[in-house]
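Given next are the chains, with one letter for each unit.
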Amino acid sequence: MEASCQGNVKLKKEERKLFRKQMKASRTLLRHEGIETVSHPTQSLVVANGGLGNGVSRQQLLEVLMKCGSVAALLMPPNKPYAFVTFGSTEEALMAHTTINGFQLQTEDQAITLYLNFVEKVDCKDSACQKLPAGLRVVEEFVSSEEEQQLLSSIDWGSDMSSESAQKTLKHRRVKHYGYEFRYDNNDVDKDSPLPGGLPEICEEVLERCLEKGYVNIKPDQLTVNQYEPGQGIPPHVDTHSPFEDTIISLSLGAKTVMDFKHPDGRSVAVMLPRRSLLVMTGESRYLWTHGITPRKFDVVPASEADEPGTVSSDIGDLTINKRETRTSFTFRKVRRTPCDCGRYCTWGIAKIQNTTATVGFIN
């Protein structure tokens, strides 16, 4: 009898502790996000700690929620630590509120505790859909899986003078140059000192295809290979104008990633670069918009595999997270032999960009 009473006291203590944390989550949501919760049961709940910003994937959260009933909608705003779920009935939502509150969910990096509160309505608008920057194109599956492996195998990451000098400057990614070495100390190339060996032979077929498709009108003679491990990235920048011709093309091999583009007027667009895709940059996207890769281990991506490459979907009902893997980019350029003719971008665009935190440098 005494043991039973002690057990009841312990249970009530744990219940009170859970209730306090649940209420704290509710107050935090109201204070920081303007999300107002209610005490009476409804069909919809806000799931604190169950968001993309906490490293929780859509599939992972759905598996937990669907044990309580049919999920009519699951909205996961990008980079937020919470999600909204609407069940088929109030009874199912009440069951989730009762059984999932305090549930520990193991993500890739940490164990998090979910706290659920009822909401009267889900008022979470999608962000405006952004178009790709002018002059930017993403071509899906530009190389085959066999070509991808051949390209990756062609890179000798062994020591040589050019890779050693570059590696000292770029501590957050591996880099190797072919054709001409890009000098990060002065953002230029020595046009009179080509590197021995030229470009890897396997690149010839890829470049011929780019010419045939019209993605470039002159064959590139310089290649920069960058390799990114999960958690690595590159700061926002605009590729230097004077060393290279207008069009820049870049293959994403080994893994997909999200590249962020930003206009001097403040507009920003997150662009999905699928594995084996070709990125084509010309015009405004080449000279005016900055581009960079945020150093992180996860990207917010569309959950639907049928999505076309391009801007990341603004549909918060179709977003999840993707764990980054090792990605290698092959970026091709044509060394310029005449003065830069990009026009207003040199005098207006770069001046604007230099007033921001972006740098004028080199691409992904």
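As the structure is a prediction and not an experimental result, all values here were calculated from the model.

Asker: Whenever I open this one, the overall build of the chain confuses me. Can you help?
Answerer: Counting secondary structure elements, the chain contains eight helices and 22 strands. For the chain, buried positions account for 48% of its 364 residues. Total accessible area on the chain is roughly 18300 Å²; 49% of this is exposed by carbon and sulfur atoms.

Asker: What's the story with the pattern of salt bridges in this structure? I'm lost.
Answerer: Where side chains of opposite charge bring their charged atoms close, a pairing between them can arise. Tallied over the full model, the rule gives 14 salt bridges. Asp265 is paired through a salt bridge with Arg267; the nearest N and O atoms lie 2.9 Å apart. What emerges from the salt-bridge pattern is a single network uniting Glu141, Glu148, Arg275 and Arg276.

Asker: Help me understand the pairing of strand β17 (residues 290-293) in this model?
Answerer: One face of the sheet, then the other: side chains in a regular strand alternate in exactly this way. The two faces of β17 match: Thr290 and Gly292 on one face and His291 and Ile293 on the other face are all buried. Of the pairings in the sheet, the one linking strand β12 (residues 234-239) to β17 comprises two bridges and is antiparallel in character. Across the sheet, the residue bridging to Ile234 is Ile293, located in β17. Pairing between strand β14 (residues 257-262) and β17: three bridges, direction antiparallel. Each bridged residue has a counterpart across the sheet, and for Asp260 the counterpart in β17 is Gly292.

Asker: Looking at this model, I keep getting lost on the packing of aromatic side chains. Mind explaining?
Answerer: How two aromatic rings sit relative to each other is given by the distance of their centres and the angle of their planes. This model, assessed by the stated rule, comprises three aromatic pairs. With a centroid separation of 5.7 Å and an interplanar angle of 75°, the aromatic rings of Tyr82 and Phe84 are classed as edge-to-face. By relative accessible area, Tyr82 is classed as buried at 5%. On the basis of relative accessible area, Phe84 is assigned to the buried category, the value being 4%. On the numbers, 5.8 Å between centres and 65° between planes, the contact of Phe142 with Tyr215 is edge-to-face.

Asker: Sorry, what's going on with empty space enclosed by the protein here?
Answerer: Regions of empty space are outlined by a rolling probe, equal in size to a water molecule, passed over the atoms. Scanning the entire structure with this criterion turns up one cavity of 30 Å³ or more. Of the pockets and cavities examined, the largest cavity occupies roughly 60 Å³. As for the largest cavity, its lining consists of Tyr228, Glu229, Pro230, Gln232, Lys256, Thr257, Ile293, Arg324, Glu325 and Arg327. For the lining of the largest cavity, the class distribution of residues is three nonpolar, two polar and five charged.

Asker: Any chance you could explain the sheet that holds strand β13 (residues 248-253) here in plain terms?
Answerer: The strands that make up a sheet are held in pairs by hydrogen bonds between backbone atoms, and each pair lies either parallel or antiparallel. If you walk across this open sheet you meet the six strands as β7-β16-β13-β21-β11-β8, and the pairing is antiparallel. The open sheet terminates on both sides in strands that have one partner only, identified here as β7 (136-139) and β8 (174-178). Taken pair by pair, the neighbouring strands of this sheet meet at an average axis angle of 15°, ignoring direction. Its contacts with the sheet place helix α4 (residues 145-153) against β13 and β21 (327-333), and it is angled at close to 100° to β13.

Asker: Would you explain helix α6 (residues 203-213) in this entry?
Answerer: Since there are 3.6 residues in each turn of an α-helix, residues three or four apart along the chain are aligned in direction. Within α6, the full set of buried residues consists of Cys203, Val206, Leu207, Arg209 and Cys210. The arc that holds the buried residues of α6, viewed along the axis, is 155°, so those residues lie on one side. Exposed residues pointing more than 90 degrees away from the buried face of α6 are listed as Glu205 and Glu212. Along its buried surface, α6 packs onto α4, β11 (222-228), β13, β16 (278-281) and β21. Of the residues one or two after α6, Gly214 is the one with positive phi, at around 85°.

Asker: In this structure, what is going on with the environment of Gly135? I would like to understand it.
Answerer: One can find Gly135 in the loop between β6 (115-119) and β7. Remark: the alpha-carbon pair of Gly135 and Tyr287, spanning 152 residues in sequence, is separated by 9.8 Å. Those residues in contact with Gly135 that sit more than four places away from it in its chain are Val280, Met281, Thr282 and Ser285.

Asker: Just to check I follow, could you spell out the sheet that holds strand β1 (residues 44-48) for this structure?
Answerer: Spatial ordering of the open sheet is given by β2-β3-β1-β6, a layout of four strands whose pairing is antiparallel. Of all strands in the sheet, those bounded by a partner on one side alone are β2 (71-75) and β6. Pairs of neighbouring strands in the sheet enclose a mean axial angle of 25°, with direction left out of account. Where β1 and strand β3 (residues 82-87) come together, five bridges link them in antiparallel fashion.

Asker: Looking at this model, I keep getting lost on the confidence of the model for the chain. Mind explaining?
Answerer: Interpretation of this model should avoid reading the predicted coordinates in detail wherever pLDDT is low. The predicted model of the chain averages 83 in pLDDT, with 82% of residues at 70 or higher. Every residue in residues 1-9 scores below 50 in pLDDT, and together they form zero contacts with partners more than four places removed in sequence or on other chains. Low pLDDT, under 50, characterises residues 347-360; the stretch is placed with 25 contacts to residues that sit more than four places away or in other chains.

Asker: Help me understand unusual backbone geometry, please; the structure alone is not making it clear to me.
Answerer: Backbone geometry follows two general trends: most residues other than glycine have a negative phi, and most peptide bonds adopt the trans configuration. The phi dihedral of Asn49 falls on the positive side, at around 75°, and the residue is not glycine. Secondary-structure assignment places Asn49 in the loop between β1 and α2 (58-65).

Asker: How should I be thinking about the environment of Leu136 in this particular structure?
Answerer: With respect to the helices, strands and loops of the structure, Leu136 is situated in strand β7. Owing to a relative accessible area of 9%, Leu136 belongs among the buried residues under this scheme. Spatially, the C-alpha atom of Leu136 lies 7.9 Å from that of Arg286, the residues being 150 residues apart in sequence. Excluding anything up to four places from it in sequence, Leu136 contacts Phe261, Val271, Leu279, Val280, Met281 and Ser285.

Procedures and definitions
Residues numbered from 1 in each chain as written. Predicted model: local features only at pLDDT ≥ 70, side-chain atom pairs only at ≥ 80, totals over all residues. Heavy atoms only, no water. Helix = DSSP H or I, 4+ residues; strand = E, 2+ residues; numbered from the N terminus. Buried < 20%, exposed > 50% of the residue type's maximum accessible area, 1.4 Å probe, protein only. Areas by Shrake-Rupley, 256 points an atom, 1.4 Å probe, with all protein chains shown as cover. Salt bridge = Lys/Arg side-chain N within 4 Å of Asp/Glu carboxyl O. Pairing = 2+ DSSP bridges. Phe/Tyr/Trp six-rings, centres within 6.5 Å; stacked < 30°, edge-to-face > 60°. 1 Å grid on protein atoms, 1.4 Å probe; cavity = no way out; pocket = protein on both sides within 12 Å on 5 of 7 lines; lining within 4 Å. Points joined across faces, edges and corners; volume = space filled by probe spheres on them. Nonpolar A, V, L, I, M, F, W, Y, C, P; charged D, E, K, R; others polar. Axes fitted to C-alpha atoms, helices over the stretch in contact; angles between N-to-C directions. Contact = heavy atoms within 4.5 Å. Arc of directions from axis to C-beta. pLDDT = per-residue confidence, 0-100.

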